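Below, each chain spelled out in residue letters.
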Amino acid sequence: MIVRAIAKHIKISPSKVREVINVVRGKDVLTADGLLLNINKGAVRHIRKTLKSAVSNAQVKGFKPEQLYISKISADVGPMWKRFKAAAFGRAAKIRRRTAHITVELDLKG
């Protein structure tokens with residue numbers, strides 16, 4: 001691991017983020033960014049932002065984006081927002097608003 005970037009408390013379900021993450025896992029940075037531009041999912045915006053942050057962190061350390069690939073990328077479960085909604089016969093139904101933590105680790109090719 002050369003650099004890491006973490007986005008926490010993203011208001012999207014981790015399972016929705018994992019659908020997109022599986023496409024770019026193991027790819028080099030420029031290819032992954034090109035793939036993310038062509039995917040029509042809501043999670044792409046958050047993943048691209050985290051990937052750009054990791055690339056920026058690598059540039060501060062003196063590495064070029066052409067040298068890097070995604071060595072590890074994951075979407076972990078964050079805290080849930082718990083709400084209740086009125087249901088039939090005076091009952092209450094749970095609403096769980098899920099959040100995710102996105103972690104991107106970059107390493108050198110080769």
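Numbering of residues starts from 1 in each chain and follows the order in which that chain's sequence is written. Since the coordinates come from a predicted model, pLDDT governs what is reported: local features require at least 70, and pairs of side-chain atoms require 80 or more to be given and counted, while whole-chain, interface and lining totals use all residues. In computing side-chain properties, one takes all heavy atoms of the structure into account and sets aside hydrogens as well as water.

### Remarks on unusual backbone geometry
No. 1: Its identity as a non-glycine residue notwithstanding, His 9 has a phi of 60 degrees, on the positive side.
No. 2: Strands here are runs of E lasting at least two residues and helices are runs of H or I lasting at least four, both read from the DSSP assignment and numbered beginning at the N terminus. In this fold, His 9 is placed in strand β1 (residues 3-10).
No. 3: Remark: exposure states derive from per-residue accessible area (1.4 Å probe, protein chains only) relative to the maximum for the residue type, with buried under 20%, exposed over 50%, and partly exposed in between. Its relative accessible area of 49% is what places His 9 among the partly exposed residues.
No. 4: Notably, Phe 89 is not glycine yet its phi reads approximately 60 degrees, a positive angle.

### Structural notes on the nonpolar core
No. 1: Definition used in this section: a nonpolar core is a set of buried Ala, Val, Leu, Ile, Met, Phe, Trp, Tyr and Cys residues joined via side-chain atoms within 4.5 Å. Residues Val 17, Ile 47 and Leu 106 are the most contacted members of the largest nonpolar core, which totals 27 residues.
No. 2: Contributing elements (two or more residues each) for this core: β1, α1 (14-24), α2 (29-37), α3 (43-60), β2 (68-77) and β5 (100-108).
No. 3: No other element matches α3, which puts 7 residues into this core.
No. 4: Setting aside its immediate chain neighbours within four residues, Leu 106 contacts Met 1, Ile 2, Val 3, Val 29, Leu 51, Ala 54, Val 55, Leu 68, Tyr 69, Ile 70 and Ser 71. In this analysis, two residues are considered to be in contact whenever any of their non-hydrogen atoms come within 4.5 Å of each other.

### Some thoughts on the environment of Ala 87
No. 1: Topologically, Ala 87 is positioned in the loop between β3 (81-86) and β4 (92-97).
No. 2: On the accessibility criterion, Ala 87 (34% relative accessible area) is partly exposed.
No. 3: For the pair Ala 87 and Asn 40, spaced 47 residues apart in the sequence, the C-alpha separation amounts to 34 Å.
No. 4: Other than its neighbours up to four places away in sequence, Ala 87 contacts Ala 92 and Ala 93.

### Some words on the pairing of β5
No. 1: Summarising burial for β5: 7 of the 9 residues are buried, a large majority.
No. 2: With 9 bridges joining them, β2 and β5 adopt antiparallel strand pairing. By the bridge assignment for β5, Ile 70 is matched with Leu 106. Strand pairing is defined by DSSP finding a minimum of two bridges between the two strands.

### Some thoughts on the sheet that holds β1
No. 1: Pairing within the open sheet is antiparallel, and its 3 strands lie in the order β1-β5-β2. Only two strands of the sheet have a single partner each, and these edge strands are β1 and β2. Strand-to-strand twist in this sheet, taken as the mean axis angle between neighbours without regard to direction, amounts to 15 degrees.
No. 2: Strand direction decides the pairing type here: β1 and β5, joined by 6 bridges, are antiparallel. Residue pairing in the sheet places Ala 7 in a bridge with Ile 102 of β5.
No. 3: In the packing of α3 onto the sheet, contacts are made with β1, β2 and β5, and the angle to β1 comes to roughly 150 degrees. Throughout, an axis means a line fitted to C-alpha atoms (over the contacting stretch in the case of helices), and angles, computed between N-to-C directions, take values from 0 to 180 degrees.

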